[in-house]
Amino acid sequence: MIMHPAVKLRHIRAFLDIAADGTLSSVARRQGLTQPALSRTLAELEDLLGVALFRREQRRLILTEAGFTFRHHASLAVQALEAGAAALQPGTARGAIRVGILPTAATRLFPRVALRFRSAEPDTLLKIETGPHPYLLDQLRDGRIDLMIGRMPIAGDMAGLTFTHLYEEEIVLVARAGHPLAGQPLALLLQSVPLILPPEDALIRRSVNDYLATLGLPGLRPAMETVALAIGRGILAGSDAVWFISRGVVAEELDRGDLIALPTGVRFLSGSVGITQRQSAQPIPGADLLVRLLHETQTP
């Protein structure tokens, strides 16, 4: 089947942005469009291709099987076009490495690595993408980022990918310094104050749920869910809330004494942090150096 000649690059870019975000409203704002205009663009593309690319689940747009297939090829096509445009201006082109950073590596590990990389490779641009694990994993599979740094994906998500271990990192329960209930038994404390948990789709959430079950609190409901440092830190500073989070996210705050880690008494609240890449990825100039620096700077 030959693609309909009326399919334009604007259709494809809109489709890729919606696939990455899952909503029309935020994509429309970023593109400076109204939501109805973006919806029409998507409808035009589906009509021209003759397939439904998304299905609606609550307020989100989820890729259909046809949508997954088209996204893979559309992403590669856009990358090829961008590379072709850059090749026409060799004097202005810069090498680039696209890196996806999960929260556990975003606060301490990767900033150190990025500065060392900049000193060694000043002409190579680091294009840094952040976001939740499912989003970055999709970006990696589609070739929109070259590697991902953070927690090891679950076994079911590893098809076609490789993972290189850097270090083990624990999940900590943190509170503001001087918390009035810091000496209380944890089961009692957790039922007495607002609890912040990682979102349900965060890799560390299952381990936290298992731990709560060992305390006899399997159905304990959180007050909030986040892995964002700025949000969690602000809530802890202004309340008696406590937060289960990867140590790497709050390492600087723990070192300064702004936050304290409450002892959990278990060892299974930990996991592997490392580098996830596509098995079939083509070599990228500078990527080997970046990986080497990650290994050298792996202390969380």
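Computed from a prediction, not measured in an experiment: that's the story for all the values here.

What counts, and where the lines are drawn
- Residues numbered from 1 in each chain as written.
- Predicted model: local features only at pLDDT ≥ 70, side-chain atom pairs only at ≥ 80, totals over all residues.
- Heavy atoms only, no water.
- Axes fitted to C-alpha atoms, helices over the stretch in contact; angles between N-to-C directions.
- Helix = DSSP H or I, 4+ residues; strand = E, 2+ residues; numbered from the N terminus.
- Parallel < 35°, antiparallel > 145°, perpendicular 65-115°, else oblique.
- Left-handed = near helix turned anticlockwise from the far one by under 90°.
- Contact = heavy atoms within 4.5 Å.
- Nonpolar A, V, L, I, M, F, W, Y, C, P; charged D, E, K, R; others polar.
- Buried < 20%, exposed > 50% of the residue type's maximum accessible area, 1.4 Å probe, protein only.
- Pairing = 2+ DSSP bridges.
- Phe/Tyr/Trp six-rings, centres within 6.5 Å; stacked < 30°, edge-to-face > 60°.

Caption draft 1: Quick look at the packing of helix α1 (residues 9-21) against helix α2 (residues 24-31). Closest axis-to-axis distance for the α1/α2 pair is 9 Å, and the angle between their directions is 130 degrees. By the angle between their axes, α1 is oblique relative to α2. Pair α1 / α2 crosses with right-handed handedness. Residue-level contacts link Arg13, Ala14, Asp17, Ile18 and Asp21 of α1 to Leu24, Ser26, Val27, Arg30 and Gln31 of α2. Its residues placed into classes, the contact of α1 with α2 shows four nonpolar, two polar and four charged.

Caption draft 2: Seen up close, the side chain of glutamine 139. Here glutamine 139 lies in helix α7 (residues 133-141). When residues no more than four places from it in sequence are discounted, the contact partners of glutamine 139 are Ala20, Glu129, Arg144 and Ile145.

Caption draft 3: A look at the pairing of strand β5 (residues 147-151). With five of its five residues buried, β5 lies for the most part within the structure. The sheet contact formed by strand β3 (residues 95-101) and β5 spans three bridges and is parallel. Looking at β5, one finds that valine 99 is bridged to leucine 147. As defined by bridge partners, β5 adjoins strand β11 (residues 270-278) across four bridges and the pair is classed as antiparallel. If you follow isoleucine 149 over to β11, its bridge partner there is isoleucine 275.

Caption draft 4: Spatial organisation of α2. The complete set of buried residues in α2 reads Leu24, Ser26, Val27 and Ala28. In the core, the buried residues of α2 are packed alongside α1, α3 (35-49), β1 (54-57) and β2 (60-63). Where α2 terminates, the next one or two residues include glycine 32, which has phi positive at roughly 70 degrees.

Caption draft 5: View of the packing of aromatic side chains. Across all of its chains, the model carries three aromatic pairs by this definition. With 5.6 Å between their ring centres and 55 degrees between their planes, phenylalanine 15 and phenylalanine 54 make a pair best called tilted. Residue phenylalanine 15 is found in helix α1, and its partner phenylalanine 54 is found in strand β1; the two are separated by 39 residues along the sequence. Phenylalanine 54 matches phenylalanine 15 in its accessibility class, with the two residues each being buried. Geometrically, the ring pair formed by phenylalanine 15 and phenylalanine 70 is tilted, given 5.2 Å between the ring centres and 55 degrees between the ring planes. You can see phenylalanine 15 sitting in helix α1 and its partner phenylalanine 70 sitting in helix α4 (residues 65-87), a full 55 residues away along the chain.

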